Amino acid sequence: MLPVYITHADCARHEMGEGHPECPQRLAAIADQLLIHGLLDYMLPVDAPLASAEQLERAHSALHVRRLQDIAPASGYAQVDPDTRMGPHTLRAALRAAGAVVKATDLVLGGEAPSAFCAVRPPGHHAERDAAMGFCFFNNAAVGVRHALDVHGLSRVALVDFDVHHGNGSEDILAGDERVLMCGIFETGLYPFNGEDARTLKDAPNLVNVGLPPRSGSEAFRSAVTQHWLPALEAFRPELLFISAGFDAHREDDMGNLGLVEADYEWVTRQLMDLAWRHGRGRVISCLEGGYVLSPLARSAAAHVKVLIGAD
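Residues numbered from 1 in each chain as written. Predicted model: local features only at pLDDT ≥ 70, side-chain atom pairs only at ≥ 80, totals over all residues. Heavy atoms only, no water.

### Looking at the packing of helix α7 (residues 217-236) against helix α8 (residues 262-279)
One way to put it is that α7 packs onto α8 with a least axis distance of 11 Å and a crossing angle of 10 degrees. In terms of their interaxial angle, α7 and α8 are classed as roughly parallel. Residue-level contacts link Ser-218, Phe-221, Arg-222, Val-225, Thr-226, Trp-229, Leu-230, Leu-233 and Glu-234 of α7 to Ala-263, Asp-264, Trp-267, Val-268, Gln-271, Leu-272, Leu-275, Arg-278 and His-279 of α8. Across the contact of α7 with α8, the residue classes break down as ten nonpolar, four polar and four charged. (Axes fitted to C-alpha atoms, helices over the stretch in contact; angles between N-to-C directions. Helix = DSSP H or I, 4+ residues; strand = E, 2+ residues; numbered from the N terminus. Parallel < 35°, antiparallel > 145°, perpendicular 65-115°, else oblique. Contact = heavy atoms within 4.5 Å. Nonpolar A, V, L, I, M, F, W, Y, C, P; charged D, E, K, R; others polar.)

### A word on the layout of surface pockets
By volume, the largest pocket amounts to about 150 Å³. In this structure, the largest pocket is lined by 13 residues; those nearest its centre are Met-273, Trp-277, Val-307, Leu-308 and Gly-310. Those elements that place two or more of their residues in the lining of the largest pocket are α8 and α9 (294-308). Of all the elements, α8 adds the most residues to the lining of the largest pocket, at four residues. (1 Å grid on protein atoms, 1.4 Å probe; cavity = no way out; pocket = protein on both sides within 12 Å on 5 of 7 lines; lining within 4 Å. Points joined across faces, edges and corners; volume = space filled by probe spheres on them.)

### Brief notes about the sheet that holds strand β2 (residues 44-47)
In spatial order, the strands read β2-β1-β5-β10-β9-β6-β7-β8; together these eight strands make up an open sheet with parallel pairing. The strands lining the two open edges of the sheet, one partner per strand, are β2 and β8 (207-212). Sheet twist, expressed as the average angle between the axes of neighbouring strands with direction ignored, equals 15 degrees. Where strand β1 (residues 4-7) meets β2, four bridges bridge the pair, whose relative direction is parallel. When the bridges of β2 are listed, Tyr-5 appears paired with Pro-45. (Pairing = 2+ DSSP bridges.)

### Side note on the pattern of salt bridges
Applying the stated criterion across every chain yields a total of 15 salt bridges. In this structure, the salt-bridge partner of Glu-22 is Arg-26, at a minimum N-O distance of 2.8 Å. Summarising the burial analysis for this pair, Glu-22 and Arg-26 share the class buried. In this structure, the salt-bridge partner of Glu-262 is Arg-299, at a minimum N-O distance of 2.5 Å. Of this pair, Glu-262 sits in helix α8 while Arg-299 sits in helix α9; the two residues are 37 residues apart in sequence, bridging distant segments of the chain. One network of salt bridges, with partners in common, ties together Asp-10, Arg-13, Arg-92 and Arg-96. (Salt bridge = Lys/Arg side-chain N within 4 Å of Asp/Glu carboxyl O. Buried < 20%, exposed > 50% of the residue type's maximum accessible area, 1.4 Å probe, protein only.)

Written as structure tokens, this is what we have:
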């Protein structure tokens, strides 16, 4: 039984204009790096299906789903927010990205795969219940979390997010759901600008938010995981673990300034895998989020996937 690598050609067709950092080349860079390191030899490729309205509406309002369907252009672009717009292929890509996580959930919980990496775009963790924003249209990870809970009947599902930006959308959807523990580490002072003050974050007992100042580096990141994430996750004992895997906290990525390196992504993935084996039979589903400079993105994703699939 092999881990699965879920993607689709539609995810590479979505683009938001020349020079936009959330570009199709991101997926090709990751795939090339995984191929070079032989990691794809240990994974089963799976095509991402299109998410259904029913699946999306477990995390989003029906109005939000319909709104994106209505504004999707046949040509040109439809502006969603100052840095996010839909092109002719965006809607199908977004449906594939959410569908990938649903498919991964079915395969992992059905005993057909031990873990999954969803190499998809557009990303999802900024998409709120009623709003697309920050390059994100549907919240892929939250759709998967709710699918695991509402369709597969799990009682305890965790979502961890190590993107350099705060996962405001995932928090908006999942805050207060006692079946979910969400743990996030992010750089303060960055988009979506709600990590500056703890009062601007949702106050819910199922959230573990750790904002780190710029240039915090590896030691502060690892300390936050050890002191805040791991005790909460151990107490929660998740039956399934989702990862919002953003790699834009890398020191070579100019989207942020936390200063992480590949070894940090390898280390945090190992901590999460060890925990998943203690409490959830090693069941982990990772969803690509940020990471915008191609070389560090690809190297970091490979370091993450190597541990995720047990090839380290």
